[in-house]
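Close look at the chain arrangement
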Amino acid sequence: MKLFGSMENINGVLHIGGLSVNSLVNTYGSPLYVIDREHVENIIELMKNSFKSKKFSTEIAYASKAFINKAMCQFVNAKGLSLDVVSDGELYTAKLANFPSEKIYMHGNNKTDEELRMAIEYNVGTIVVDSKEEFFKLSKLAEISNKTVNVILRVNPGIDAHTHEYIQTSKFDSKFGESIFDDSVITLIKNMINHDYINFLGFHCHIGSQIFDEKPFYAEAEVMLDFIKKVEKLLNYKIKVLNLGGGFGIYYSSEDDPIDLDIFLKKIIEILENKLEEKNLNIEKVAIEPGRSIIANSGVTLYKVGSTKTTYSGKKYIFVDGGMTDNIRPALYQAEYEGVIANRLNDTTCDTYTVAGKCCESGDILIKNKNFVIPNNNDILAVFSTGAYNYSMASNYNRLKKPAVIMVKDKKVNLIVKRETYEDLIRNDLDFEE
Ligand SMILES: Cc1ncc(COP(=O)(O)O)c(C=O)c1O
Ligand SMILES: N[C@@H](CCCC[NH3+])C(=O)O
């Protein structure tokens with residue numbers, strides 16, 4: 001079990017932000033997503049300090065898909081980050097949170113007309129064009145609105161990074177971006193450069209998520225600068241912006257070897273600076289777009305143990321009051337998590353259990369065959385590192401209500417998302433008409 005940030009064991013009880021899990025669950029119910037604010041703040045500070053250069057400006061855009069709600073947009077804005085959004089819903093949330101539109105990157109491999117219009121209307125700082133077709137759509141809509149839009153093109157640098165197949169994004173058959181190896185991409189860039197309503201600034205790439213090996217990132221940086229040099233030469237045009245995406249792997253369980261962000265980000269800067277010099281290139285801004293590495297380890301999900309069961313075959317289960325509805329990642333990616341009986345950290349009588357949720361699915365498993373203190377009903381089970389892609393991927397399957405989200409720091413609690421109610425569940429339901 002690895003504790004992050006302010007998480008600590010006080011007399012056998014897990015405390016986060018100075019507050020016991022018992023008091024948090026008593027007040028806010030369960031399941032409950034808890035965000036350790038101090039830890040996110042430390043990560044953001046570390047990233048800001050490590051990712052900077054004297055040769056170009058740097059920007060960190062938080063990939064909001066990892067965990068987004070109004071408060072999180074406000075929080076990352078207060079911390080000076082930019083924002084990556086990938087849908088009208090994310091953009092709308094950012095807008096409602098008063099996130100400065102000029103600091104937003106609008107992504108998506110299949111942006112609808114509605115989304116593009118919205119991005120233009122909101123004066124989104126940068127639209128990340130994903131394809132030739134999207135350029136045509138966007139340029140027409142920009143012309144109709146009589147607005148020039150800032151654009152970077154998402155390209156696929158063909159870097160094969162080792163991670164789960166579902167979260168790789170840069171293989172040759174990936175659905176994202178246009179390949180840098182496809183000669184037609186040069187024509188596309190030329191068309192963008194020449195378009196009256198497009199201000200073409202540069203490139204975006206992203207090689208995948210939860211990647212532990214730093215080398216593909218270093219290769220990505222080098223390949224992109226080679227490509228930029230080629231484009232500048234061929235088109236006699238100055239590329240200003242390079243966005244290298246996110247994907248930095250984090251610790252979920254003892255099998256993971258997370259990226260050391262400080263060393264890694266400084267190394268990326270060094271590689272970029274050296275390569276720029278070698279190629280006699282200049283670039284105004286380099287951006288990164290981390291999501292998981294900013295928020296994952298700050299999150300803890302607290303559940304109540306409802307019951308336990310030993311099957312006829314001898315398998316032992318702990319049943320909790322949430323499951324795949326609040327954390328789909330084990331079912332979807334065979335993701336591994338660590339968990340504990342959080343109100344009895346010092347107990348030593350353990351057994352091997354599988355933690356299962358309450359959904360009507362055999363695959364509704366959170367943790368498989370790990371050691372836990374023999375639990376009592378109503379004990380609190382904590383699952384760690386649930387800050388990214390848990391709340392944002394939550395569902396109402398089996399009509400379960402989505403949990404509340406709180407941020408904690410220095411014994412203060414900020415309820416940032418209310419627990420759903422029965423009314424929320426049926427809000428859009430209409431009556432059957434004979
Ligand atoms: C375009 C883009 N940027 C950023 C991210 C964030 O990735 P991560 O959360 O792994 O940092 C993703 C997700 O993979 C992405 O698709
Ligand atoms: N949802 C994925 C990451 C996808 C990243 C976005 N391209 C996960 O939970 O690991």
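The structure contained in this document is the topic of the report that follows. (Residues numbered from 1 in each chain as written. Chains lettered and ligands numbered in written order. Predicted model: local features only at pLDDT ≥ 70, side-chain atom pairs only at ≥ 80, totals over all residues. Heavy atoms only, no water.)

1. Brief notes about the packing of aromatic side chains
Under the definition given, this model contains 13 aromatic pairs. With a centroid separation of 5.1 Å and an interplanar angle of 70°, the aromatic rings of Y252 and Y337 are classed as edge-to-face. Separated by 85 residues along the polypeptide, Y252 in the loop between strand 12 (241-243) and helix 9 (261-279) and Y337 in the loop between helix 11 (329-333) and strand 16 (339-341) bring together distant segments of the chain. For the residue pair Y252 and Y337, the accessibility class agrees, reading buried in each case. In this structure an aromatic cluster arises from ring pairing among F200, F203, F227 and Y237. The aromatic ring of Y251 is capped on one face by K2, whose charged end is 5.5 Å from the ring centroid. (Phe/Tyr/Trp six-rings, centres within 6.5 Å; stacked < 30°, edge-to-face > 60°. Helix = DSSP H or I, 4+ residues; strand = E, 2+ residues; numbered from the N terminus. Buried < 20%, exposed > 50% of the residue type's maximum accessible area, 1.4 Å probe, protein only. Lys NZ or Arg CZ within 6 Å of the ring centre and 35° of its normal.)

2. Things to note about the pattern of salt bridges
By the definition in use, this model includes 23 salt bridges. The salt bridge involving E41 is made with R37; its shortest N-O contact spans 2.7 Å. Of this pair, E41 and R37 both sit in helix 2 (residues 37-50), separated by four residues, roughly a single helical turn. Its relative accessible area of 11% is what places E41 among the buried residues. On the basis of relative accessible area, R37 is assigned to the partly exposed category, the value being 32%. Among the salt bridges present, the one from D429 reaches R399, with a minimum N-O distance of 2.9 Å. Remark: R399 occurs in the loop between strand 19 (380-384) and strand 20 (404-409) and D429 occurs in the segment after helix 12 (422-426); sequence separation between them is 30 residues. (Salt bridge = Lys/Arg side-chain N within 4 Å of Asp/Glu carboxyl O.)

3. Quick word on the site of ligand 1
Around ligand 1 sit 16 residues in total, of which H206, S209, E289, R292 and Y389 are the nearest. Here an oxygen atom of ligand 1 sits 2.4 Å away from a polar atom, N or O, in the side chain of S209. A distance of 2.9 Å separates an oxygen atom of ligand 1 from a polar atom in the backbone of G291. In isolation ligand 1 has 390 Å² of accessible area, and contact with the protein removes 93% of it. In terms of residue class, the shell around ligand 1 is built from three nonpolar, eight polar and five charged. (Near = heavy atom within 4 Å. Polar contact = N/O pair within 3.5 Å; in protein donor to acceptor, adjacent residues only side chain to side chain. Areas by Shrake-Rupley, 256 points an atom, 1.4 Å probe, with all protein chains shown as cover. Nonpolar A, V, L, I, M, F, W, Y, C, P; charged D, E, K, R; others polar.)

4. Observations concerning the site of ligand 2
Close contacts around ligand 2 come from eight residues, with R292, R329, Y333, Y389 and M393 the closest. R329 is positioned with one of its side-chain polar atoms (N or O) 2.6 Å from an oxygen atom of ligand 2. A distance of 2.8 Å separates a nitrogen atom of ligand 2 from a polar side-chain atom of Y333. Burial of ligand 2 by the surrounding chains reaches 84%, relative to a free accessible area of 310 Å².

5. Details of the pairing of strand 5 (residues 57-63)
Of all the seven residues making up strand 5, five are buried; the element is thus mostly covered by neighbouring parts of the structure. For strand 5 and strand 13 (residues 285-288), the ladder comprises four bridges, and the chain directions are parallel. By the bridge assignment, T58 is partnered in strand 13 with V286. Strand direction decides the pairing type here: strand 5 and strand 6 (residues 82-85), joined by three bridges, are parallel. Each residue of the ladder has a partner; that of Y62, found in strand 6, is L83. Each parallel crossover has a hand, and the one from strand 5 via helix 3 (residues 70-78) to strand 6 is right-handed. (Pairing = 2+ DSSP bridges. Right-handed = clockwise from strand over helix to strand, strands pointing away.)

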